[in-house]
Structures are given as C-alpha cells and as structure tokens.
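# Breakdown of the fold
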Amino acid sequence: MIQEAEAFEPEATRRTAGVAESSRANRGWWDRNADEYQVEHGTFLGDDRFVWGPEGLDEVEAELLGPPEELKGKDVLEIGAGAAQCARWLAGQGARPVALDISHRQLQHALRIGAPFPLVCADAGALPFADGSFDLVCSAYGALPFVADPVLVLKEVHRVLRPGGRLVFSVTHPIRWAFPDEPGPEGLSVSASYFDRTPYVEEDDQGRAVYVEHHRTIGDRVRDVVAAGLRLVDLVEPEWPAWNTSEWGGWSPLRGNLIPGTAVFVCERSETEAPPAGG
C-alpha cells in the first residue's frame, strides 16, 4: 500500500468502498497528511523533477510522454499532481501544464514551491475541462490507485484528450497486493490472493473510511484502458536501479531487485477518431 502513518491509528480492513466514500476518505487523508508527505518525500521527488515511482524512473531518461524537445507548446494535464513537481518539470520543457489534485493542502504545497501554471482542486472522475483540451495527460501514482471506478476516470481522460493524444499513468504494481507491505524479508512471502479485489480500507473508530486503495490486476488495468476507448501501447515495469538505496514504505532495494513495484501504462487516443461533439 502507499499510505503513510497518521497521528491516530485507524483500523485496517478489507471491504467494499464506493466512488463517493473513496473520494471523501482520500481527499481528507491527503489534506491531513500532505505536510508529512512532502517533508518525508520532498527531497526524493525534488521541486521540478518528473519521477514515475519509488524506483526513481525519471521522465528525462524514460521519455514516456515523448522526447523532451517535443513537449514545447503542448497542453498537458497532470492528475493527482500533489505539489506539482512533474508539472513544474513539464513547464521547464516549454509545455503548458495544468496541475490537478483532489487535495487542497497538496496544492498549497505547489504554491509554496512556486506554480507559474494553473492549479485545479477537483476530482479526477469529473474533470472540469472542455472536450479535447489537452495533448497529453499524465499521472504518477495519482488518483487511479484510490478511485473505485477507474474506467470513469479514464473515460474523462479520453474526453479531454485530443485525437492522437497520450495518457501515461503509474500505479503500484498489482502483484504487490499479494505480498505484505513491508520493505524487509517479510515482504517477500505471498500472504494474500492476487485475485482478491476487495479494497484496502482504513477506518476511524466509528467505522468511517479515512483512507481507501483499490486493487486491480494487470488484466483489469488493460481492460479498463480499452473500455475507456484508449489503446495501450506500452507497459513499463521499472527495475530497481543500483543508485537507489532508499526505502519508501514497502518499496526497497531488497524487494525491488526481486519483484516489480510499479507499473506504468502508456496509452493513446486514436488519431483517426472523430473529435468529440463540441470539441
């Protein structure tokens, strides 16, 4: 799981959690924990670096959005932007980014660092943009691990993308759900069914969800992309690099050298598809 420690100790369970409950819980969780998250991970993420996950795969080398020199002038939406480190890097390449996050407090950190581009506080399942507004959409561990209906989000992305546009998003590698979320040897033994899609939920003492993550298998993720009208063109499973000696929750060099921790999906909207009505 991706969660960080909170001041109180919620009760962890596996149970169903719908769209509204998941959205409400995760908006509150990120608002409460944004400060701690930025303190703990801000150095690794940098102020204007585009990293796809805890392994440290950098867009400078990966070029999953395309060659950096071709980003100039592109309209780009970052979903689940946090403190907008990725959007800031995109702006440095000459792109025109918009950084969106469900958490107001996360976006306040974007303002603290500096954001010479629009910041939008909104739910990824209801993007407040016109049809065909963007050339590219990206999301590094943003929104999709936390939403109950990923197809709804992906359909919204399809709507705001221009024909030929690209979506790249990273999530926890689905295989990790079969293992304990521990960085040491105890995190290397299968403890649950990979096929159990019951959400991970943390509850307060009244049984209300305060944090939710949703599990999708690799096959589920591929089918979600297709159901949204997008085409999967690549699936990247970053290997753990020798330079990265840090731990991030359940991510560690020990586990990273043996099992994948991140899955990056590279998707496109067809160039020949007719523009949406009104776009």
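First things first, this report covers the structure right here in the doc. (Residues numbered from 1 in each chain as written. Predicted model: local features only at pLDDT ≥ 70, side-chain atom pairs only at ≥ 80, totals over all residues. Heavy atoms only, no water.)

## A few points about the packing of aromatic side chains
By the definition in use, this model includes 14 aromatic pairs. Both rings, one in Trp30 and one in Tyr37, keep their centres 5.2 Å apart while their planes meet at 80°; by these two values the pair is edge-to-face. Residue Tyr37 is classed as buried on the basis of its relative accessible area of 13%. Both rings, one in Trp30 and one in Phe146, keep their centres 6.0 Å apart while their planes meet at 80°; by these two values the pair is edge-to-face. (Phe/Tyr/Trp six-rings, centres within 6.5 Å; stacked < 30°, edge-to-face > 60°. Buried < 20%, exposed > 50% of the residue type's maximum accessible area, 1.4 Å probe, protein only.)

## Points about the sheet that holds strand 10 (residues 262-268)
Read across the sheet, seven strands follow the order 4-3-2-5-6-10-9 without closing on themselves; strand pairing throughout is mixed. Where the open sheet ends on each side, the last strands, each with one partner, are strand 4 (119-121) and strand 9 (231-236). The sheet shows a mean angle of 20° between the axes of neighbouring strands, direction not considered. Direction of pairing for strand 6 (residues 161-172) relative to strand 10: antiparallel, over a ladder of seven bridges. Looking at the pairing, Thr172 lines up with Thr262 of strand 10. Sheet strands in contact with helix 3 (residues 85-92) are strand 2 (75-79), strand 3 (96-101) and strand 5 (134-140), and its direction is about 175° off that of strand 3. Its contacts with the sheet put helix 5 (residues 150-160) on strand 2, strand 5 and strand 6, and the angle it makes with strand 6 is roughly 150°. (Pairing = 2+ DSSP bridges. Helix = DSSP H or I, 4+ residues; strand = E, 2+ residues; numbered from the N terminus. Axes fitted to C-alpha atoms, helices over the stretch in contact; angles between N-to-C directions. Contact = heavy atoms within 4.5 Å.)

## What about the packing of helix 1 (residues 19-45) against helix 4 (residues 104-113)?
The interhelical angle for the contact between helix 1 and helix 4, taken along N-to-C directions, is 35°, at an axis separation of 7 Å. Residues Trp30, Asp31, Ala34, Asp35, Tyr37 and Gln38 of helix 1 form the contact with helix 4, whose own contacting residues are His104, Arg105, Gln106, His109 and Arg112. Split by residue class, the contact of helix 1 with helix 4 holds three nonpolar, four polar and four charged. (Nonpolar A, V, L, I, M, F, W, Y, C, P; charged D, E, K, R; others polar.)

## Focus: the side chain of Glu203
Structurally, Glu203 is set in strand 7 (residues 200-203). The buried category is assigned to Glu203, whose relative accessible area is 16%. One polar contact links Glu203 to Arg15, side chain to side chain, over a distance of 2.5 Å. With sequence-adjacent residues up to four places away left out, Glu203 is seen in contact with Pro10, Glu11, Thr13, Arg15, Arg208, Ala209 and Val210. (Polar contact = N/O pair within 3.5 Å; in protein donor to acceptor, adjacent residues only side chain to side chain.)

## So, empty space enclosed by the protein
With the rule as written, the count across this model stands at two cavities of 30 Å³ or more. Of the volumes computed, that of the largest cavity is approximately 60 Å³. Lining the largest cavity are Pro145, Val171, Thr172, Pro174, Trp177, Glu213, His214, His215, Arg216 and Arg221. Considered class by class, the residues forming the lining of the largest cavity number four nonpolar, three polar and three charged. Size it by volume and the second largest cavity reaches roughly 30 Å³. Of all the elements in the fold, those that place two or more residues in the lining of the second largest cavity are strand 5 and helix 5. (1 Å grid on protein atoms, 1.4 Å probe; cavity = no way out; pocket = protein on both sides within 12 Å on 5 of 7 lines; lining within 4 Å. Points joined across faces, edges and corners; volume = space filled by probe spheres on them.)

## Digging into the nonpolar core
Leu77, Ile79, Phe129, Val137, Leu167 and Phe169 are the most contacted members of the largest nonpolar core, which has 28 residues in total. Taken together, the elements giving at least two residues each to this core come down to strand 2, strand 3, strand 5, helix 5, strand 6 and strand 10. In contact with Leu167, other than residues within four places in its own chain, are Val137, Leu154, Val157, Leu161, Leu230, Phe265, Val266 and Cys267. Counting 17 residues, the second largest nonpolar core, distinct from the first, contains Trp52, Val76, Leu90 and Ala95. (Core = buried A, V, L, I, M, F, W, Y, C linked by side-chain atoms within 4.5 Å.)

## Comments concerning the sheet that holds strand 7
In space, the three strands of this open sheet follow the order 1-7-8, with antiparallel pairing throughout. In this open sheet, the two strands that pair with only one neighbour each are strand 1 (11-14) and strand 8 (209-213). Each adjacent strand pair in this sheet contributes to an overall mean axis angle of 20°, direction not counted. Bridge count for strand 7 against strand 8 is four bridges, and the pairing is antiparallel. Its bridge partner being in strand 8, Tyr200 is matched across the sheet by Glu213.

## What to know about the pairing of strand 10
Within strand 10, seven of the seven residues are buried, leaving the element largely enclosed by the surrounding structure. Side chains Thr262, Val264, Val266 and Glu268 of strand 10 all project onto a buried face; the interleaved residues Ala263, Phe265 and Cys267 project onto the opposite face, where all are buried too. Where strand 9 lies against strand 10, five bridges are found, and the strand directions are antiparallel. Bridge assignment links Leu235 to a residue of strand 10, and that residue is Phe265.

## Comments concerning helix 1
Taking 1.5 Å per residue as the helical rise, helix 1 with its 27 residues ought to reach 39 Å, whereas the 29 Å between its terminal C-alpha atoms falls clearly short. The sharpest bend along helix 1 comes to roughly 55°, located at Asn33. Backbone geometry just after helix 1 places Gly46 at a positive phi near 75°. (Expected span 1.5 Å × (residues − 1). Bend = angle between axes of the 7 residues up to and from the residue.)

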